[in-house]
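Chain and residue survey
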Amino acid sequence: MNSLNSNLSLNTTFVRPPYFFITGLNNMTHAKYYYVFLSCVFVVSVLGNSFVIFIIYTERSFHTPKYLAVFNLAVADLGETAALIPNFIAMFLFDSQYISFDACLANMFFVFFFASLQALTLTVLAYDRLVAICLPLRYHAIITMRAMVVILTVMWAYDSVLLILMVSLVTRLSFCKSIVVKSYFCDHAPIFFLACNDYLVNAIMAIANIALLLYVPFILTVLSYAFISVALFKIASWEGRLKAIKTCSAHLMLVALYYLPILGTYIAAIAFTVPPNARIMSTSFANAITPMLNPIIYVLNTEEVKEVSKKKFLRRKLQK
């Protein structure tokens, strides 16, 4: 705190604090059980997504456009888990709630980058299902490896540019009010609200990023399934409809798993006064549980992956 005071005395117009203080869960009864739960979620998430990345990378039959997008989703899940949960657990285990200014900005970027990457990848997978059901005869001509690489590259660039701009704008703020961030990571809004100079540009950027990285992917995903629904009604047999629905069921579960907690948190924040600990628990739970369940629902539960996993396991067993 002394270093912060010295900064204030040297420069009364612009203050960049040496560190922020992340509050996390404050004076919450039995909080240790929640941290133990998060530790378990972290381990399962890392193992599950690492396995998905390994199996897709090593198995040639999975070197397809669809599984390239699934590989990207696993990378996003693993990245968000690594950026979010270890720091949160470290607050409890080592009482390390102080984070340097630069490390805070890096944490902010990676958490939002990988969380947004999940939403964008789900939209790409929705587009994959749209083409597969609405244009089945042209699927392999439209969804090629080259096309998927271009789509994913543009998606990474789009996500990076928006979030680099958002994070870089934080450096124009002067923090002379407080360094206490009322969140469980270096959250964007709780940080720019601490500024003592004008943060209108930061607020506009926050709204723009929510629209471009959350609402737009969600609307495109919903539109994809609207077109898929129309195509399903054109299928004459119930067997054909059920087969088509089955190919979308896992993806629909992922979409619901990603968006419903976010929508629930926003609605609760508008309708009620949510206590800080309850808000932190609900948002951290949603952000932690989604990367853990994604590989289990979408990949590890599919017959293709099960068969390949069995073959690899038997092959290693015979080699021993």
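For the structure itself, consult the block above.
Quick look at the structure, then.

Reading the values: rules and limits
- Residues numbered from 1 in each chain as written.
- Predicted model: local features only at pLDDT ≥ 70, side-chain atom pairs only at ≥ 80, totals over all residues.
- Heavy atoms only, no water.
- 1 Å grid on protein atoms, 1.4 Å probe; cavity = no way out; pocket = protein on both sides within 12 Å on 5 of 7 lines; lining within 4 Å.
- Points joined across faces, edges and corners; volume = space filled by probe spheres on them.
- Helix = DSSP H or I, 4+ residues; strand = E, 2+ residues; numbered from the N terminus.
- Disulfide = S-S within 2.5 Å.
- Buried < 20%, exposed > 50% of the residue type's maximum accessible area, 1.4 Å probe, protein only.
- Core = buried A, V, L, I, M, F, W, Y, C linked by side-chain atoms within 4.5 Å.
- Contact = heavy atoms within 4.5 Å.

Further remarks concern the layout of surface pockets. Of the voids in this model, the largest pocket is the one considered here, and its volume is about 1,300 Å³. Surrounding the largest pocket, 45 residues form its lining, F112, D187, I210, Y266 and T283 being those nearest its centre. When residues of the lining of the largest pocket are traced back to their parent elements, those giving at least two are α4 (101-134), α6 (145-168), α7 (188-192), α8 (200-234), α9 (238-271) and α10 (276-298). The leading source of residues in the lining of the largest pocket is α9, at nine residues.

Per the counting criterion, the structure on display carries two disulfides. Between the sulfur atoms of C104 and its disulfide mate C186 the distance is 2.1 Å. On the sign convention where negative is left-handed, the bridge of C104 and C186, at about -125° about the S-S bond, is left-handed. One end of the pair, C104, is in helix α4; the other, C186, is in the loop between β3 (180-181) and α7, and 82 residues separate them in sequence. C186 carries the same exposure label as C104, and that label is buried.

In this section: the nonpolar core. The biggest cluster of nonpolar side chains holds 83 residues, and the ones touching the most others in it are F20, V70, F88, M108, F175 and I191. Considering each element in turn, this core owes the most residues, 15 residues, to α4. Once residues lying within four places of it in the same chain are set aside, the contact partners of F88 are G24, L25, Y34, Y35, L38, Y184, I280 and S284. Within the second largest apolar cluster, nine residues are counted, among which are L130, I133, Y225 and A244.

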